[in-house]
Amino acid sequence: AFIQLVPARTGNHLEEVRVYDEVYEHYTFSEAIIEKVLRNKYWPFVVEGVMDTAGRQHHDRLESPQEIWQQKAKLPIKDRRVDILLGVERMKTFLCQPNTNLRRLLIHERCVNLQTELMNYRYSKSDNPAVGARRLPIDNFNHLIKAITYFLVWHYGAFDRDGQRKKKKGHLLW
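This structure is a prediction, so every number in the text was calculated from the model and none was measured.

Parameters at a glance
- Residues numbered from 1 in each chain as written.
- Predicted model: local features only at pLDDT ≥ 70, side-chain atom pairs only at ≥ 80, totals over all residues.
- Heavy atoms only, no water.
- Axes fitted to C-alpha atoms, helices over the stretch in contact; angles between N-to-C directions.
- Helix = DSSP H or I, 4+ residues; strand = E, 2+ residues; numbered from the N terminus.
- Parallel < 35°, antiparallel > 145°, perpendicular 65-115°, else oblique.
- Contact = heavy atoms within 4.5 Å.
- Phe/Tyr/Trp six-rings, centres within 6.5 Å; stacked < 30°, edge-to-face > 60°.
- Buried < 20%, exposed > 50% of the residue type's maximum accessible area, 1.4 Å probe, protein only.
- Lys NZ or Arg CZ within 6 Å of the ring centre and 35° of its normal.
- Core = buried A, V, L, I, M, F, W, Y, C linked by side-chain atoms within 4.5 Å.
- pLDDT = per-residue confidence, 0-100.
- Arc of directions from axis to C-beta.
- Polar contact = N/O pair within 3.5 Å; in protein donor to acceptor, adjacent residues only side chain to side chain.

Visitor: Just checking my understanding: could you explain the packing of helix 3 (residues 84-95) against helix 5 (residues 143-156) for this structure?
Guide: A pair of packed helices is characterised by two quantities: the angle between their axes and the separation of those axes. For the pair helix 3 and helix 5, the least separation of the axes is 9 Å and the interaxial angle reads 80°. Accordingly, the angle class assigned to the pair helix 3 and helix 5 is roughly perpendicular. Every residue of helix 5 that contacts helix 3 at Ile84, Gly87, Val88, Arg90, Met91 and Phe94 is listed here: Ile145, Lys146, Ile148, Thr149, Leu152, Val153 and Tyr156.

Visitor: How do you make sense of the packing of aromatic side chains when you look at a structure like this?
Guide: One pair of aromatic rings is described through two measures. These are the centre distance and the angle between the planes. The full count for this structure, using the stated rule, is 5 aromatic pairs. When the centroid spacing of 6.2 Å and the interplanar angle of 45° are considered together, the rings of Phe2 and Tyr42 count as tilted. You can see Phe2 sitting in strand 1 (residues 2-6) and its partner Tyr42 sitting in the loop between helix 1 (30-38) and strand 3 (46-51), a full 40 residues away along the chain. By relative accessible area, which is 0% here, Phe2 ends up buried. Centre to centre, the rings of Phe151 and Tyr156 are 6.4 Å apart; their planes meet at 90°, and the pair counts as edge-to-face. You'll find Phe151 and Tyr156 in the same group, each marked buried. Among the aromatic residues, ring-to-ring pairing joins Phe2, Tyr20 and Tyr42 into one connected group. We note Arg104 situated over the ring of Tyr156; from NZ or CZ to the ring centre the distance is 5.5 Å.

Visitor: What is the right way to look at the nonpolar core in this model?
Guide: Within soluble globular proteins, side chains that are nonpolar tend to cluster in buried spots. Membership of the largest hydrophobic core comes to 24 residues, with the highest contact counts inside it found for Val17, Val19, Ile148, Phe151 and Leu152. Of all the secondary structure elements, the ones that give two or more residues to this core are strand 1, strand 2 (16-21), helix 3 and helix 5. No other element matches helix 5, which puts 9 residues into this core. Within the second largest apolar cluster, 15 residues are counted, among which are Ile34, Val46, Met51 and Ala73.

Visitor: Looking at this structure, I do not really get the confidence of the model for the protein chain. What am I missing?
Guide: A low pLDDT means the predicted coordinates there should not be read in detail. The share of residues in the protein chain with pLDDT of 70 or more is 86%, and the mean pLDDT across the chain is 83. At the low end of the mean pLDDT range in the protein chain sits strand 6 (residues 170-173), at 54; at the high end sits strand 5 (residues 105-107), at 94. Below pLDDT 50 for its whole length, residues 163-167 participates in 6 contacts with residues either more than four positions away or in separate chains.

Visitor: I would appreciate a short explanation of helix 1 in the present structure.
Guide: A turn of α-helix holds 3.6 residues, and therefore any two residues three or four places apart point the same way. Within helix 1, the full set of buried residues consists of Ser30, Ile33, Ile34 and Val37. What you see down the axis of helix 1 is that its buried residues fit within an arc of 100°, all on one side.

Visitor: Quick question: what am I supposed to make of the side chain of Glu16 here?
Guide: Relative to the helices and strands, Glu16 resides in strand 2. For Glu16, a relative accessible area of 9% gives the class buried. Within polar-contact distance, the side chain of Glu16 engages the side chain of Arg18 at 2.8 Å.

Visitor: Hey, could you run me through unusual backbone geometry in this one?
Guide: Note on backbone geometry: most residues besides glycine have negative phi, and most peptide bonds are trans. One non-glycine residue, Lys74, adopts positive backbone phi at about 55°. With respect to the element layout, Lys74 can be found in the loop between helix 2 (65-72) and strand 4 (77-79). Positive phi outside glycine occurs at Phe141, with the angle close to 55°. For Phe141, the position within the fold is in the loop between helix 4 (112-120) and helix 5.

Right, here's the structure in full:
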């Protein structure tokens, strides 16, 4: 996902997170994705990337996906392990800010795969029939949702804390 941080508007101290474009591939290798990403019109604006800590694993290759991205795309890649439930809860705070009801995560209409993921996202059925029993998000068909949560938690932390945000601007890819 190509993301831009937009400074806060007058009267609002919270910056917006805008998803401008996506590259969505399955069953392929990092090199193939990188080739496609490098041709995207937003690539010249990318300043860093964020991925899951699983990107450090070497699977059946000498280099990890994180090492391949850093080498071939010449891009610093940050990583952060994010629990599914924590990530979903963090993303919800950007879809609707609890205190202000403002939406801080804006998704461009061209991001059809992300929109499809959001529309089809599901929670598990509760084994506990008691009222208010916690249902957990299903970790399936949520690739871009997880990518965005890695970014949100890496950049903003798990919770909003006034005055402690990192002051980075620009497009990001992960």
